[in-house]
Amino acid sequence: MSQNKEFKTKVLIIGSGPAGYSAAVYTSRAMLKPIMVTGMEPGGQLTTTTDVENYPGFAKAIRGPWLMEEMKKQAENVGTEFVTDIISDVDFSKRPFVCKGQNGNTFISDTVIISTGAQARWLGIENEESFKGFGVSSCATCDGFFYKGKEVAVVGGGNAAVEEAIYLSGIASKVYLIHRRDELRAEKMLQEKIFKNEKIEIIWNTVVEKVNGTDNPKNLESITIKNVKDNLTKELKIHGFFVAIGHNPATSIFKNQIKMDDEGYIITNPDSTATNIEGVFAAGDVKDKIFRQAITAAGMGCMAALEAEKLLNH
């Protein structure tokens, strides 16, 4: 691990994952010699998934960690330099930009591509962590297919939860939407859709307390839920459990440096990855609160690389 060193580069990529690796491949092939600071979770959210069936180019399901490792190897093979560190401070007030790492490293760059991603918010309940990828998920469009014709549950009450439940109703035999209050926070149009959907049952005033299943083989069997009005608990037998209580973009270090929305997502120009600071680009879940897919993140990484190359050429 490099420590207390000064790195100079035309392109600094902060964070890995599909967006970062894609940006690294394109900037490397453009002979820009990028440096990637991998962050605390090299490979991003896909390293916590099991089977991936919706990434183009693979006829059979592949493993998320394997896909990320292959992307990293590809970036390495075309010339990307990797530094294991976590950026803790940035100065975008003037170019070249200066970023500091927790290990004491200093990174000086003409352009910066931010691909630090976002993390799903979890409930923090018993067994939730151990069953991630084995029945517990935070992405219906990623994992819903595995529960075709089966019963599933979604927890949450906002737009994300309602959208996930509606999406899953087209795949699963039954969908339970569990919400701790007696009314949803989602938009009225979405509420109308979910109330009309006969495959969705809303369980009001209820929280999830525990995930239950077997260890060998790892298999989700039910969740323990509690009514907050009478404190009665019961087991709800399901095959899949989706947590949809929001995401947290990893953008705290960029606060007061670039424009972000109220939720902390980086704002970019229309049809672009360019931020309000010339030379700073954002790609992937760090700016995308709608799609949050590996393929869209990779596409944005490509866009950021091409935009950075164009700027540097000028």
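The structure presented is a predicted model; accordingly, all values stated were derived computationally and were not measured.

Describe the packing of helix α1 (residues 17-29) against helix α6 (residues 294-313), with residues and values.
Two numbers describe how α1 lies on α6: the axes approach to 7 Å, and their chain directions differ by 35°. For α1 against α6, the interelement crossing comes out right-handed. Where α1 abuts α6, its residues P18, A19, S22, A23, Y26 and T27 lie against A294, A297, A298, G301, C302, A305 and L306. A per-class count over the contact of α1 with α6 returns 10 nonpolar, three polar and no charged.

Could you give an account of the nonpolar core, with specific residues and numbers?
Grouped burial of nonpolar side chains is what soluble globular proteins tend to show. Membership of the largest hydrophobic core comes to 28 residues, with the highest contact counts inside it found for I13, Y55, L67 and I113. Those elements that place two or more of their residues in this core are β1 (6-14), α1, α2 (64-77) and α6. With seven residues, the top contributor of residues to this core is α6. Contacts of Y55, omitting those with residues within four sequence positions, involve L67, M71, A294, I295 and A298.

Would you mind going over the sheet that holds strand β12 (residues 174-178) in detail, with residue names and values included?
Taken in spatial order, the five strands make up an open sheet running β10-β17-β11-β12-β13, and their pairing is parallel. Each edge of the sheet is formed by a strand with only one pairing partner; in this case those strands are β10 (136-137) and β13 (200-203).

Kindly report on unusual backbone geometry, identifying the contributing residues and their values.
Of the consecutive residues R95 and P96, the connecting peptide bond is found in the cis state with omega at 0°. Residue position: P96 is located in the loop between β6 (87-91) and β7 (97-101). Looking along the chain, the bond that leaves N216 and enters P217 is cis, with omega of 5°. With phi around 65°, M31 is a residue other than glycine that occupies positive phi space. Looking at where M31 falls in the secondary structure, it is placed in the loop between α1 and β2 (35-37). Unlike most non-glycine residues, N231 shows phi in positive territory, near 65°.

About the thresholds
Residues numbered from 1 in each chain as written. Predicted model: local features only at pLDDT ≥ 70, side-chain atom pairs only at ≥ 80, totals over all residues. Heavy atoms only, no water. Axes fitted to C-alpha atoms, helices over the stretch in contact; angles between N-to-C directions. Helix = DSSP H or I, 4+ residues; strand = E, 2+ residues; numbered from the N terminus. Left-handed = near helix turned anticlockwise from the far one by under 90°. Contact = heavy atoms within 4.5 Å. Nonpolar A, V, L, I, M, F, W, Y, C, P; charged D, E, K, R; others polar. Core = buried A, V, L, I, M, F, W, Y, C linked by side-chain atoms within 4.5 Å. Buried < 20%, exposed > 50% of the residue type's maximum accessible area, 1.4 Å probe, protein only. Pairing = 2+ DSSP bridges.

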